[in-house]
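Close look at the chain arrangement
Listed here are the chains, written in short residue letters.
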Amino acid sequence: MFFEMDFSHFSFLDEAKNDWQAAVNLYNSGLYSQAVYFLQQSVEKSSKFWGLSLRFVSYDDLKKLGHNPHKVFKKLFGEAVLLGMGNKEGFELLESNVNRLPSVDERVHRIGSKLKAELNFNYIKIKEGQTAMDALRDCFMEAENLDIVGYLEGLRGKPEWEKKCIGMVNKINKESRYITLQMGLSFLVWGLESNSRYPDYNEGTVPSDLYSKDTELVKALPFFTEVQGVCIDILDEVCRLRE
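Rules used in this analysis
- Numbering of residues starts from 1 in every chain and runs along the sequence as written.
- Owing to the predicted nature of the model, reporting of local features is limited to residues with pLDDT of at least 70; listing and counting of side-chain atom pairs is limited to 80 or more, with chain, interface and lining totals taken over all residues.
- In computing side-chain values, all of the structure's heavy atoms are included and hydrogens and water are not.
- The helix count covers DSSP runs of H or I at least four residues long, the strand count covers runs of E at least two residues long, and both are numbered beginning at the N terminus.
- Radius of gyration: C-alpha atoms only; globule rule: 2.2 Å multiplied by the number of residues to the exponent 0.38.
- Accessible area is worked out with a 1.4 Å probe on protein chains only. A residue is then buried under 20% of its type maximum, exposed over 50%, and partly exposed in between.
- When checking whether two residues touch, look at their non-hydrogen atoms; a contact exists if any pair is within 4.5 Å.
- Computed by Shrake-Rupley with a 1.4 Å probe, the accessible areas treat only the displayed protein chains as cover when residues are assessed.
- The charge count includes Lys and Arg as positive and Asp and Glu as negative, but it does not include His or the ends of the chains.
- Note that the charge is assigned to NZ on lysines, CZ on arginines, CG on aspartates and CD on glutamates.
- The term salt bridge refers to a side-chain nitrogen of Lys or Arg lying within 4 Å of a carboxyl oxygen of Asp or Glu.

**Some details on the overall build of the chain**
A tally of helices and strands in the chain yields twelve helices and zero strands. From first element to last, N terminus to C terminus, the chain shows the α and β order α-α-α-α-α-α-α-α-α-α-α-α. The C-alpha radius of gyration of the chain comes to 19 Å, within 12% of the 18 Å expected for a compact globule of 243 residues. Seen through its C-alpha atoms, the chain measures out along the principal axes to roughly 70 × 35 × 35 Å. The buried share among the 243 residues of the chain stands at 46%. For the chain, restricting intrachain contacts to residue pairs at least 6 apart in sequence, the fraction spanning at least 24 positions comes to 72%. Carbon together with sulfur atoms contributes 50% to the accessible area of the chain, which is approximately 12500 Å² in total. Within the chain, one finds 30 positive and 36 negative side-chain charges whose respective centroids are separated by 1 Å.

In C-alpha cells form, the structure reads like this:
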C-alpha cells in the first residue's frame, strides 16, 4: 500500500484539523447541528487530502466529487490495488447497501458498530513464530503481487531488513486502518452537509431539530469525532514521515 505521494496539499489536512476541533468545541457548547456540519467538513477535507496526496484525485475532480467524500474512496478502489482490501465492484455494492438504509439512525448504528470493530484492527498480523518479513510475504502473496513477494524473498537472511519489515508492517496497518475508518465516516456524513447547515422549507425542517441532543447521530457524535481524530493523527504521522 505504498504509493508515491504529492506533499503540496497539507493545507487540506490543516483545515480538516481545524474543522475537527470546531466540531468538538461546538458539541461541548451544545451547538449540535453546527458540530455535525464541521465533522462532515473535516471528513470531507481529510478524505480529499488523501486522494490529492496519492494523486488519484485531481483539483478538477474535486468539483465532481462535491460534498461526497465517499467518492474519493470509490476512485481509490477503482484505480488502485489495495492488498486485497477490496475492488470497485465490492465498493459499489457497499455504496448501494448504505444508500438503501432507511434512515440516518440506521446508518449511525450500522457504521458505528463497524467502526468500533475496526478501530484497533491490524490488517497484517505477525503470528507467533513468524517474522515480519514472512507476514509481509503472506500478505502480498494473498494480493497476488508476485513482484514484491520475489523482492522480499531476495532479502531473506539479511538481519537489517527484518527491522525495516517491522516498520513496513506498522505503516501498512496504519494506512489500511485509516482507509477503513475514513471510508466508514465518509458514508456516515453522506448527505449531511446541506441539512446540517440550512433550513429546508420544502421538508419543513431546520438543522437544530434534525440534530438535537436526542437524535442518534448527536448521541454518537463524541465517538465519531474520536474516530475522525484517529484518522487525522494517522494521516499526519504517515504522510509527514514520507516527506
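From this point, the discussion proceeds with the structure in view.
**Looking at the pattern of salt bridges**
Side chains that carry opposite charge are capable of pairing whenever their charged atoms lie near each other. Counted according to the given criterion, the structure contains 14 salt bridges. The salt bridge involving Glu-216 is made with Lys-219; its shortest N-O contact spans 3.5 Å. Here Glu-216 pairs with Lys-219, and both are found in helix H12 (residues 216–241), just three residues apart, close to one helical turn. By sharing partners, the salt bridges in this structure join Asp-134, Arg-137, Asp-138, Glu-153 and Arg-156 into a single network.

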